[in-house]
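Residue-level structural notes
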Amino acid sequence: MTTSEQPIEPTEVTAVADDDAAQAESVTDEATPIEATPAEEVAAEVTEEAPTTDEAPAAEEPAEVAEEAPAAEQSAVPAPAPTPGPRPGPRPGPRPGAPAPRPRRAPAPNAARPAAAPAPVAPPVDPADAAAAAEFGSGAEDGTVSVRDGDTVRVVGQVTVGEEPLALYIRRYLDLKAQVALLEARLASISPKEANASIASLTEQLAEPAAVGDLPALRERLAVLVEQAAAKAAEAAAQREAAKAEAVAHRETIVAEVEAIAATDPERTQWRDATARLAELLDTWKSAQRHGVRIDRPVEEALWKRFSHARTAFDKARRAHFGALDKRNAEAKAAKEALVVQAEALADSTDWGPTGGRFRDLMDAWRAAPRGSRKDDDALWARFKTAQDRFFTARKEANAAIDAEYGDNLAAKLELLAKAEALLPITDLAATKRQLRTIQDAWDAAGRVPRADVQRVEGRLRAVEQAVRDAEQAELKRSDPELRARADGMTAQLLGQIEDLEARLAAAKQAGSSGKVTSIEQELATKRQWLDVVQGTQR
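Throughout, a residue's number is its position along its own chain's written sequence, starting from 1. This being a predicted model, a pLDDT of at least 70 is required before a residue's local features are given, and a value of 80 or more before pairs of side-chain atoms are given or counted; all residues contribute to the totals for chains, interfaces and linings. Calculation of side-chain values draws on the structure's entire complement of heavy atoms; hydrogens and water are dropped beforehand.

**Focus on the overall build of the protein chain**
- Only runs of H or I of at least four residues qualify as helices and only runs of E of at least two qualify as strands under DSSP, and these elements are numbered from the N terminus. The helix and strand tally for the protein chain stands at 16 helices and four strands.
- Buried means the residue's accessible area, taken with a 1.4 Å probe over protein chains only, is under 20% of the maximum for its type, while exposed means over 50%, and partly exposed covers the values in between. Evaluated residue by residue, the protein chain yields a buried proportion of 31% over its 539 residues.
- Restricting the contact set of the protein chain to residue pairs at least 6 apart, pairs at least 24 apart contribute 74%.
- Working definition of accessibility: Shrake-Rupley area with a 1.4 Å probe, residue cover restricted to the visible protein chains. Taken as a whole, the protein chain presents about 32,600 Å² of accessible surface, with 54% of it coming from carbon and sulfur. A contact between two residues is defined here by any heavy atoms of the two lying within 4.5 Å.

**What to know about the confidence of the model for the protein chain**
- Averaged over all residues, the pLDDT of the protein chain equals 76, while 74% of them reach at least 70.
- For every residue, the pLDDT score states the predictor's confidence, bounded by 0 at the bottom and 100 at the top. Per-residue pLDDT stays below 50 along residues 1–101; that stretch engages in 146 contacts with residues further than four places along the chain or on separate chains.
- Segment residues 106–112: pLDDT under 50, and zero contacts once partners within four positions in sequence are set aside and those in other chains are kept.

**Some words on the environment of Glu 259**
- As for its position among the elements, Glu 259 is in helix α7 (residues 215–263).
- Once the C-alpha coordinates of Glu 259 and Arg 306 are considered, the two residues, 47 residues apart in sequence, prove to be 7.9 Å apart.
- Excluding its chain neighbours within four sequence positions, the residues that come into contact with Glu 259 are Arg 306 and Ala 310.
- N or O atoms closer than or at 3.5 Å make up a polar contact, with two conditions inside protein: a donor-capable atom paired with an acceptor-capable one, and, for residues adjacent in sequence, both atoms drawn from side chains. At 3.0 Å, the side chain of Glu 259 and the side chain of Arg 306 are in polar contact.

**Considering the packing of aromatic side chains**
- Here a pair means two rings of Phe, Tyr or Trp (six-membered ring of Trp) with centres within 6.5 Å. Their orientation is stacked below 30 degrees between planes, edge-to-face above 60, and tilted elsewhere. Inspection of every chain in the model, using the stated rule, returns twelve aromatic pairs.
- Ring geometry for Phe 391 versus Phe 392: centroids 5.0 Å apart, planes at 80°, classification edge-to-face.
- Taking the relative accessible area as the measure of exposure, Phe 391 reaches 0% and is therefore buried.
- Taken together, the ring pairs in this structure connect Trp 352, Phe 359, Phe 391 and Phe 392 into an aromatic cluster.
- Sitting above the plane of the Trp 285 ring, Arg 251 keeps its charged end 4.7 Å from the centroid.
- Put simply, a charge is over a ring when the Lys NZ or the Arg CZ is close to the ring centre, within 6 Å, and near the line of the ring normal, within 35 degrees. A cation over an aromatic ring shows up here: Lys 336 above the ring of Trp 366, its NZ or CZ 4.9 Å from the ring centre.

**Regarding helix α13 (residues 429–446)**
- Between the first and last C-alpha of α13 there are 26 Å, a value that for 18 residues agrees with the 26 Å anticipated at 1.5 Å per step.
- Here α13 has its buried residues at Leu 429, Ala 431, Thr 432, Leu 436, Ile 439, Trp 443 and Ala 446. Axial view of α13: buried residues confined to an arc of 150°, hence all on one face. Every exposed residue of α13 that faces more than 90 degrees away from the buried side is listed here: Thr 438, Asp 441, Asp 444 and Ala 445. In this scheme, a helix's expected span is set at 1.5 Å multiplied by one less than its residue total. Note that the arc is defined by the directions from the helix axis to the C-beta atoms.

**Observations concerning unusual backbone geometry**
- The linkage connecting Leu 424 with the following residue, Pro 425, adopts the cis geometry, with an omega of -5°.
- As for its position among the elements, Pro 425 is in the loop between α12 (407–421) and α13.

**Observations concerning the pattern of salt bridges**
- Throughout this description, the term salt bridge denotes a Lys or Arg side-chain nitrogen within 4 Å of a carboxyl oxygen of Asp or Glu. Here the structure, examined in full by the defined rule, presents 24 salt bridges.
- The salt bridge involving Arg 306 is made with Glu 252; its shortest N-O contact spans 3.2 Å. With Arg 306 in helix α9 (residues 297–346) and Glu 252 in helix α7, this residue pair connects regions lying 54 residues apart in the sequence.
- The class for Arg 306 is partly exposed, based on a relative accessible area of 30%.

**Here's the deal with the environment of Ala 369**
- Tracing the sequence through the fold places Ala 369 in the loop between α10 (352–368) and α11 (374–405).
- For Ala 369, a relative accessible area of 14% gives the class buried.
- For the pair Ala 369 and Lys 336, spaced 33 residues apart in sequence, the C-alpha to C-alpha distance is 7.1 Å.

**Comments concerning α11**
- Taking 1.5 Å as the rise per residue, α11 with 32 residues should run 46 Å; its terminal C-alpha atoms sit 46 Å apart, in good agreement.
- Residues of α11 that are buried: Asp 377, Leu 380, Phe 384, Ala 387, Gln 388, Phe 391 and Asn 399.

**Details of the packing of helix α8 (residues 271–291) against α9**
- Two elements in contact, α8 and α9, have axes whose closest approach is 12 Å; the angle formed by their N-to-C orientations is 160°. Looking at the two axes, α8 sits roughly antiparallel to α9. The interaxial crossing formed by α8 with α9 has left-handed handedness. Residues Trp 271, Ala 274, Thr 275, Leu 278, Leu 281, Leu 282, Trp 285 and Gln 289 of α8 lie in contact with α9, whose contacting residues are Glu 300, Leu 303, Trp 304, Phe 307, Arg 311, Phe 314, Ala 317, Arg 318, His 321 and Phe 322. For helices, the fitted axis covers only the stretch in contact; all axes are lines through C-alpha atoms, and the angles between them, taken along N-to-C directions, range from 0 to 180 degrees. By definition in this entry, angles of less than 35 degrees are roughly parallel, angles greater than 145 are roughly antiparallel, angles of 65 to 115 are roughly perpendicular, and the rest are oblique. Crossing handedness: left-handed means the near helix sits turned counterclockwise from the far one by under a right angle, and right-handed means the same turn made clockwise.

**As for the pairing of strand β3 (residues 144–149)**
- Most of β3 sits inside the fold, with five of its six residues counted as buried.
- Pairing analysis gives three bridges linking strand β2 (residues 137–139) to β3, with the strands arranged antiparallel. Residue pairing for β3: Gly 139 is matched across the bridge by Val 145.
- Think of it this way: DSSP has to see at least two bridges between two strands before they count as a pair. Turn length for the β2-β3 hairpin, with the two strands adjacent in sequence and antiparallel, is four residues, and the turn residue Gly 143 shows positive phi of about 90°.
- The antiparallel pairing of β3 with strand β4 (residues 152–159) creates a hairpin that spans two residues between the two strands, and Gly 150 there sits at a positive phi of about 75°.

**Observations concerning the side chain of Lys 232**
- Locating Lys 232 in the fold gives a position in helix α7.
- Here Lys 232 occupies a buried position and makes no salt bridge, while the nearest side chain of opposite charge, Glu 235, is found at 8.1 Å. Note on charges: Lys and Arg go in the positive column, Asp and Glu in the negative column, and His and the chain ends are not counted at all.

**Some details on the pairing of β4**
- Sheet analysis places β3 next to β4, joined by six bridges and oriented antiparallel. Looking at the pairing, Val 147 lines up with Arg 154 of β4.

**Observations concerning the packing of α10 against α11**
- Closest axis-to-axis distance for the α10/α11 pair is 11 Å, and the angle between their directions is 160°. With respect to α11, the axis of α10 lies roughly antiparallel. As for how α10 packs across α11, the hand of that crossing is left-handed. Taken together, the residues of α11 that come into contact with α10 (itself represented by Trp 352, Thr 355, Gly 356, Phe 359, Leu 362, Met 363 and Trp 366) are Asp 377, Leu 380, Trp 381, Phe 384, Ala 387, Gln 388, Phe 391, Phe 392, Ala 394, Arg 395 and Ala 398.
- Looking at the contact of α10 with α11 residue by residue, the classes come out as 13 nonpolar, three polar and two charged. Gly is put with the polar residues, along with every residue not named as nonpolar or charged; the nonpolar set is Ala, Val, Leu, Ile, Met, Phe, Trp, Tyr, Cys and Pro, and the charged set is Asp, Glu, Lys and Arg.

Structural data, given as structure tokens:
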């Protein structure tokens, strides 16, 4: 493999430019004859073939300026005779996949070139590193440079006789070594993709580089980096899988909650809260889809299908529920409107008793009617209550006027009540009956009393009349011969039974039988109670 087949790093272009400007030495590939080329021509060739795309490293631009500097200086001073100088080796070409370099316009004849910036100074080379690398290289008398690469020795280039043969190739090796060291330092902080790209580039550069140094050691270090990058990629893949699993679980949680809401009994569903929660879950899904970890498309599509199906089922149930609710509300509204119409028709009635009962029936029907929408129920109830209040207010005012008119009648009946209650207890039934009839006649003549006092005064008079009737019944029983004969026979029988029980009780007590004593005493008490009742009817 010749030098022309190896890509030159920006630092190498700078080194070549520095050598062209300072030493005017020539470096050739082993497969190319040595030719003398003016330094100005070398600079122009390097400048024209340098990458110009946006992807070219920024470090390549100073090299282009540096190579133009000697030509700019020569444009003002007559050029010296051509001296053997370095023929450019491998020039930096466009990177793989980069667009072709833009063609450069040729300068006009005798046109002065713009002043170039000073060439950047290459980083200093550590003498110890250079000496260690030089142990792996050798230079022949004809300028051929070789490197010991493991068990083989291969030619990496050729330089002009008298030139330091290994300097350029040692610098190339040190540049590769620096790139490996940089990747070692950055491997923990860069992405696996970027690490793999850097490893691929270095692997390509370290295949058979035109460089002098311990190349096997660099390859071993790169192999370690390959293993580390693979481990890091595996760890990143595991983290991605874990994050993906967590994202799937999160989506599963969302879908499960949506399905639970959709499966709730429509009669127990709080529709406003459930609808708001579904909107929140949809926003959560969209946020996870836009900003969360991407999950596999088949899994996402299956979950979304479940989500959409549950939401559709919920919407259907909601429409059906509110459709039935609207129908039920319409029926309730019609039923209550009919009750309101009847109440408003009775509002001005003066038939107080029957109309009051009718209003009570309407109120019972209102309570039994189904509930409608709050707005309709409130409006209809306001109309119903207005009609009801109008009737009962008018009745209350009429009763108040009646009560004022009947106040004197109440006073008269209270006096009659005092006379009637004074007849008790009854000692002379016939006289009591005559006096009560006189009081009753005066009671009827007194007239009506206020409604609030009717039950009170009527109840007191009914109590006196009931006492007289009870006395009449008792007198009838005493005066009936048949009843009296029965009572006398019962009395004699009870007296005989009581005497027998008393004798048995005395014998039991004498015998000391406590059980018989208790039983006989209970039976004796019962017989005596019966005797008291029978004798009471005979009085």
